[in-house]
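Observations on chain architecture
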2 protein chains.
Amino acid sequence: MKIVCEGLDLSDAVLKVVKACATRTTIPLMECIKISAKNDGITLTATDGEISIQKKIKAEVYEEGEVCVPGRYFSDFIKKLEGVQITLDAEDNRMNIIYADSETTMQILSAEDFPKIDTDINENSVVLETEELRRLINATTFCCAGDDSRPILKGCQIVVSGGEINMTALDGFRLATTKGKIISSTGDIEIVCPARTLNEIEKMLPSDKGETEIKIQKGNLLVCVDDTTVTSSLYNGDFIKKENIIPKSFITYVTVDKKALKSSIERAAILVRNDKNSLIILDISQGKIEISSNSEIGNLCEPVKAEVDGKDLKIAMNSKFISDAINALEEDDVTLSFNNQVQPFICENVIDKNVLYLILPVRTSNNA
Amino acid sequence: MKIVCEGLDLSDAVLKVVKACATRTTIPLMECIKISAKNDGITLTATDGEISIQKKIKAEVYEEGEVCVPGRYFSDFIKKLEGVQITLDAEDNRMNIIYADSETTMQILSAEDFPKIDTDINENSVVLETEELRRLINATTFCCAGDDSRPILKGCQIVVSGGEINMTALDGFRLATTKGKIISSTGDIEIVCPARTLNEIEKMLPSDKGETEIKIQKGNLLVCVDDTTVTSSLYNGDFIKKENIIPKSFITYVTVDKKALKSSIERAAILVRNDKNSLIILDISQGKIEISSNSEIGNLCEPVKAEVDGKDLKIAMNSKFISDAINALEEDDVTLSFNNQVQPFICENVIDKNVLYLILPVRTSNNA
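First, a word on what this report is: a plain description of the structure on this page. Note that this is a predicted model, so its numbers are computed, not measured.

Observations concerning the overall build of chain A
If you tally the helices and strands in chain A, you get seven helices and 27 strands. Considered along the principal axes of its C-alpha atoms, chain A spans approximately 80 × 50 × 35 Å. Split into buried and exposed, the 368 residues of chain A put 42% on the buried side. Contacts in chain A between residues far apart in sequence, at least 24 positions, make up 68% of those at least 6 positions apart.

Pasting the structure below:
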């Protein structure tokens, strides 16, 4: 393989695709970027086996071919060569990188065993406004599970049906679900997409208004942003039905100024930040919520004015979960709806009900 | 103790003094901030046994007294209360923090055993332009040792004599020394001040033009910036005499464009970043330096145009040390002066010779 290209183009491309390189793996190829030279350009590809990112750039191709370069070394190196023209000349197990009067050689691996990336994904598709897709991803993926104990919970359920899209994430302690508008779709869709994939897609979305298409076929997803193509395998298995866990009726409704509640919870969280669960208590009675926390550092009790409709309630929760939820809501006031101290409660905007967060309380010896 | 003060004042003060709190210690008092209420204000003090920071703010004092509060918890808590008036009311082993309609209680410790901070430091003094002090600190402290194997090397030597100030730092592998102007001094001074103290002082220096006074007395140093007083114990012992290790003559002189050398070294360093020593080689001959590095990832060879005066030389070094040194130099061109591949070499500006970096080469099997 031998090609000549502009440093700026190559740098832009490697920095995009390197995000799909595996970080901790025993398979060296998963840490590589594959460079394929053909016709009038080169295609860079990286994959960790789940997500793949691919980008094509213009290049003068003197000799077609494919090689695999160590992803992070190559991208860090190339990003320091933005201003110059670069020649990549590979033979056997080494590639010469020639720029200005200099020459660097990198060890490379054969591209033969590099995973095949299927970009022929076209069966179903949904088109959204780019802004709407960004909002849907930001509203949900932070509630996905971070560990591997139940892999499907590391994904976000996406359901397209009846002209709308629903995204749901849960980690066993909390759930996020949001509804959005679509521009068009080929039909009903129901998939579970890795949160990591969605977060990488979100980072690539252009800031200007426009549309983004998500294509799906046989357990795979593809999104193309400018010339960058992201594909990802989807999770198989049954996702929890949110209808089964979101209570249909509530006993206590609270409407409260988001900013006041947020800062009170943040102060309460400081005292318990070294405790498992980071436990805070909400004591809800007519006209107010009393937020309290208690640890060997000290204890806090702050009343926050609130409109309370229904029965008084004392309920304990992880401060992080409620903080995350109210931070993600957009209106000035939020509504919290409860049944009792053991059933999950929900946090919503007062007006726009397209986003809902459900949080499981913590049972304590005091309120169990 | 009972006082009332403004949240904004208290927040500003705790965020300044908390920087002197110890981070890892078995002595709880070293993680505390002492609050002393007297007359018309409160004084906050923190110390890790080496550095102390003290700040006085206005307060209505209803009951004089002294208490110690957990430093980081208290500062994180108070910084979330900037907008309100705060009452601190301490009795026995607890302090009530009263704000708006809320009350938080923190466990406190008796101030009896809190280290006494001597701020009566006045014997000797040197006055510098604030900008000059900032430059001197930034030019040297990064070369201080980070580990405890030779404690005095964690400090920076400050020598005031003959109307000028000299600061020198070294870690066993490299040395930084810089000369500056003073406005006045009470006489000759020679101390070794912990790098951490100098760095904290540097962060506090105001950005406007002005003067800063460093006061010294019996192994202690004091700097007062606005209403914040930093004191620090100094290191005892003999500091290495730089005259003994900086070569007086050189065989090879190289003048080179700083930016070109810097980017070449940065690229060379990428290939060896996982290697101990992060070894790069400079091959100096007429008209150029050839920078090279070599690891299992690959190898690099980049010529950089240079004005070379003297004998050809091939010399190996830690890429970080030379990177740090040339980054700290301010002119567009730098001069490197060498004797041979085992003796230390120096990096300087071409014109302003007030800063000098000395670096010990690495002996390799190739060039030993």
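Here's the deal with the sheet that holds strand β4 (residues 51–58) of chain A
All names here are of chain A. Strands sit in the order β10-β6-β2-β3-β4-β19-β18-β17-β11-β15 across an open sheet of ten strands; the sheet is antiparallel. A strand with exactly one partner marks an edge of an open sheet, and here the two such strands are β10 (109–110) and β15 (184–185). In this sheet, β10 lies alongside strand β6 (residues 65–70) in antiparallel orientation, the contact comprising two bridges. Bridge pairing in β10 links valine 67 to serine 110. The strands touched by helix α2 (residues 71–78) within the sheet are β2 (32–38), β3 (41–47) and β6, with β6 carrying the most contacts at an inclination of about 90°.

What to know about the nonpolar core
Residues Ile33(A), Val69(A), Ile33(B) and Val69(B) are the most contacted members of the largest nonpolar core, which totals 214 residues. In contact with Val69(A), not counting residues within four places along its chain, are Cys32(A), Ile33(A), Ile35(A), Phe74(A), Met95(A), Met106(A) and Ile108(A).

Some details on the interface of chain B and chain A
With 25 residues of chain B at the interface, the matching set in chain A holds 25 residues. Looking at the side of chain B that touches chain A, the elements with two or more residues in it are α2 (71–78), β9 (102–107), α6 (258–271) and β23 (298–310) of chain B. Among the residues forming the side of chain B that touches chain A, the class breakdown is ten nonpolar, seven polar and eight charged. By the bridge criterion, four bridges tie strand β23 (residues 298–310) of chain A to β9(B) in an arrangement that is antiparallel. Along β9(B), the bridge assignment pairs Gly298(A) with Met106(B).

Some points on helix α4 (residues 195–204) of chain B
Here α4(B) has its buried residues at Ala195(B), Thr197(B), Leu198(B) and Ile201(B). The buried residues of α4(B) occupy an angular sector of 160° when the element is viewed end-on, so they sit on one face.

Here is what the cut-offs are and how they apply
- Residues numbered from 1 in each chain as written.
- Chains lettered and ligands numbered in written order.
- Predicted model: local features only at pLDDT ≥ 70, side-chain atom pairs only at ≥ 80, totals over all residues.
- Helix = DSSP H or I, 4+ residues; strand = E, 2+ residues; numbered from the N terminus.
- Buried ≥ 20, exposed ≤ 12 C-beta atoms within 10 Å, placed from the backbone.
- Contact = placed C-beta atoms within 7 Å.
- Pairing = 2+ DSSP bridges.
- Axes fitted to C-alpha atoms, helices over the stretch in contact; angles between N-to-C directions.
- Core = buried A, V, L, I, M, F, W, Y, C linked by C-beta atoms within 7 Å.
- Nonpolar A, V, L, I, M, F, W, Y, C, P; charged D, E, K, R; others polar.
- Arc of directions from axis to C-beta.

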